[in-house]
Amino acid sequence: MKYVRLILFPVLLILFAHTSFAQTDSAFKVKLPLDTQKYRERPAQDIDRYWKYHKGDDLKWAAAAFDDSKWEYLDTRLRVKELKPGVFEGIGWFRIRLSVDTPLLNQTLAFMMNQDGASEVYLDGKLIHSFGKTDTKDAAKEERSNPLFIPYEIRFEDSLKHVLAIRYSNHDAVINKESGTIGFSLKLGHFHKNITWHYVNSTITTIIFIFYFTFFLALGFLHLTLFLYYKANRS
């Protein structure tokens, strides 16, 4: 029995250490996709796992060295039907550890966000972007803004390990008991590729809109002309 304990103890110790590491130190691997052959498919990577969350507000939570080991994992999209009561009460912080692929180091990349509320984005404790306006003292002064996945610059410098922290608020959705998703989604990609993709798709959408607008305008003008000058058969 003594020998069994001597054998099992190191094994259990290794398993416990491995489990603890997996739960507290999970990092999202940033390895951006190559060019896509589909023009509708954005050349970007969804940052959709390993987000840790804590409700409330404290600017200390932006620091890269802050210990978030006791925070829970939560989907940033905040699907109302899946949220437990009291988890999100208008404002909270999301944090994620990123492991950046070596070729992406010191390169200008694209940071793309889609949200329902207002946010401040911190990289290694430094504020790099803000969308909308957060007001913890007066929820009525909160200004929601959606960047709609427009590419903004982001750079991972000096190290392959980084911490991204997002201060996110959406008091209006909580007050008005909105349904659906009330959180945000985030993508990373090559900056120039995503600028080109965004420009091309915006141009295509504009051309289609102009075509339909011109077609129906011409059709309406034709019917108006017939109505005014072909009185024999106005119907």
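Cut-offs and rules
Residues numbered from 1 in each chain as written. Predicted model: local features only at pLDDT ≥ 70, side-chain atom pairs only at ≥ 80, totals over all residues. Heavy atoms only, no water. Helix = DSSP H or I, 4+ residues; strand = E, 2+ residues; numbered from the N terminus. Buried < 20%, exposed > 50% of the residue type's maximum accessible area, 1.4 Å probe, protein only. Contact = heavy atoms within 4.5 Å. Phe/Tyr/Trp six-rings, centres within 6.5 Å; stacked < 30°, edge-to-face > 60°. Patch = residues over 30% accessible without salt bridge, like charges linked within 9 Å, V, L, I, M, F, W, Y side chains within 5 Å. Areas by Shrake-Rupley, 256 points an atom, 1.4 Å probe, with all protein chains shown as cover. Salt bridge = Lys/Arg side-chain N within 4 Å of Asp/Glu carboxyl O. Core = buried A, V, L, I, M, F, W, Y, C linked by side-chain atoms within 4.5 Å. Pairing = 2+ DSSP bridges. Axes fitted to C-alpha atoms, helices over the stretch in contact; angles between N-to-C directions. pLDDT = per-residue confidence, 0-100.

Participant: Please clarify how the overall build of the protein should be interpreted in this entry.
Facilitator: Broken down by element type, the protein carries three helices and eleven strands. When the helices and strands of the protein are listed from N to C terminus, the series reads α-β-β-β-β-β-β-β-β-β-β-α-β-α. Among the 235 residues that make up the protein, the fraction classed as buried is 33%. At a minimum sequence separation of 6, the contacts of the protein that also span at least 24 residues come to 79%.

Participant: Would you mind showing me how to read the side chain of D68 here?
Facilitator: For D68, the position within the fold is in the loop between strand 3 (52–55) and strand 4 (72–73). What D68 contacts, discounting residues up to four positions off in sequence, is K52, R95 and R97.

Participant: Please clarify how the packing of aromatic side chains should be interpreted in this entry.
Facilitator: Centre distance and the angle of the planes are the two values used to describe a pair of aromatic rings. On inspection of all chains with the given rule, the structure shows twelve aromatic pairs. Consider the rings of Y53 and F94, whose centres lie 4.9 Å apart with planes at 45°: the pair is tilted. Taken together, the positions of Y53 in strand 3 and F94 in strand 5 (residues 91–100) put the pair 41 residues apart, joining distant regions of the chain. The same class applies to Y53 and to F94, which are both buried. Relative to F131, the ring of F111 has its centre 6.5 Å away and its plane inclined at 5°; by these criteria the two rings are stacked. Of the two residues, F111 sits in strand 6 (residues 108–115) while F131 sits in strand 8 (residues 126–131), which places them 20 residues apart along the sequence. Accessibility classification places F111 together with F131 in one group, the buried group.

Participant: Would you take a moment to explain the environment of L109 for this structure?
Facilitator: On the secondary structure map, L109 appears in strand 6. Taking C-alpha positions, L109 is 6.1 Å from R155, a pair spaced 46 residues apart along the chain.

Participant: What exactly am I supposed to notice about a nonpolar patch on the surface here?
Facilitator: A contiguous nonpolar patch, built from I208, Y212, F215, F216, L219, L222, L226 and Y230 and spanning about 810 Å² of accessible area, is present on the exposed surface. Inspection of the secondary structure assignment puts Y230 in the segment after helix 3 (191–229). Since its relative accessible area comes to 46%, Y230 is described here as partly exposed.

Participant: Even after reading the chapter, I still don't get the nonpolar core, so can you show me in this structure?
Facilitator: For soluble globular proteins, the rule of thumb is that nonpolar side chains tend to be buried together. In terms of nonpolar packing, the biggest core is built from 31 residues, with W51, F111 and L164 touching the most fellow members. Of all the secondary structure elements, the ones that give two or more residues to this core are strand 1 (27–30), strand 5, strand 6, strand 7 (118–123), strand 10 (161–169) and strand 11 (184–190). Among the nonpolar cores identified, the runner-up in size contains six residues, and A62, W71, Y122 and A165 belong to it.

Participant: Looking at this structure, how should I read the sheet that holds strand 11?
Facilitator: Working definition: the strands of a sheet are paired by backbone hydrogen bonds and lie parallel or antiparallel to each other. Spatially, 2-11-6-9 is the arrangement adopted by the four strands of the open sheet, whose pairing is antiparallel. At either margin of the open sheet sits one strand with a lone partner, and together these are strand 2 (44–46) and strand 9 (152–155). Strand after strand, the sheet turns through a mean of 35° between neighbouring axes, direction not considered.

Participant: Looking at this model, I keep getting lost on the pattern of salt bridges. Mind explaining?
Facilitator: If charged atoms from side chains of opposite charge come close, those side chains can pair. With the rule as written, the count across this model stands at 14 salt bridges. With a shortest N-O distance of 2.9 Å, R144 and D172 are connected by a salt bridge. Of this pair, R144 sits in the loop between strand 8 and strand 9 while D172 sits in helix 2 (residues 171–175); the two residues are 28 residues apart in sequence, bridging distant segments of the chain. Close ionic contact of R155 with E157 constitutes a salt bridge, the shortest N to O distance being 3.1 Å.

Participant: In this structure, what is going on with the confidence of the model for the protein? I would like to understand it.
Facilitator: Detailed reading of predicted coordinates is not advised where the pLDDT is low. Mean pLDDT for the protein: 84, with 81% of residues reaching 70 or above. In this model residues 11–24 is a low-confidence stretch, pLDDT under 50, and it forms seven contacts with partners more than four residues away in sequence or in other chains.

Participant: Explain the pairing of strand 5 to me, please; I cannot follow it from the model alone.
Facilitator: Walk down a regular strand and you will see the side chains alternate between the two sheet faces. With nine of ten residues buried, strand 5 is to be regarded as a mostly interior element. As paired elements, strand 1 and strand 5 share four bridges and run parallel to each other. Across the sheet, the residue bridging to V30 is V100, located in strand 5. Taken together, the four bridges between strand 3 and strand 5 define a ladder with antiparallel strand orientation. Among the inter-strand pairings, K55 is bridged to a residue of strand 5, identified as G92.

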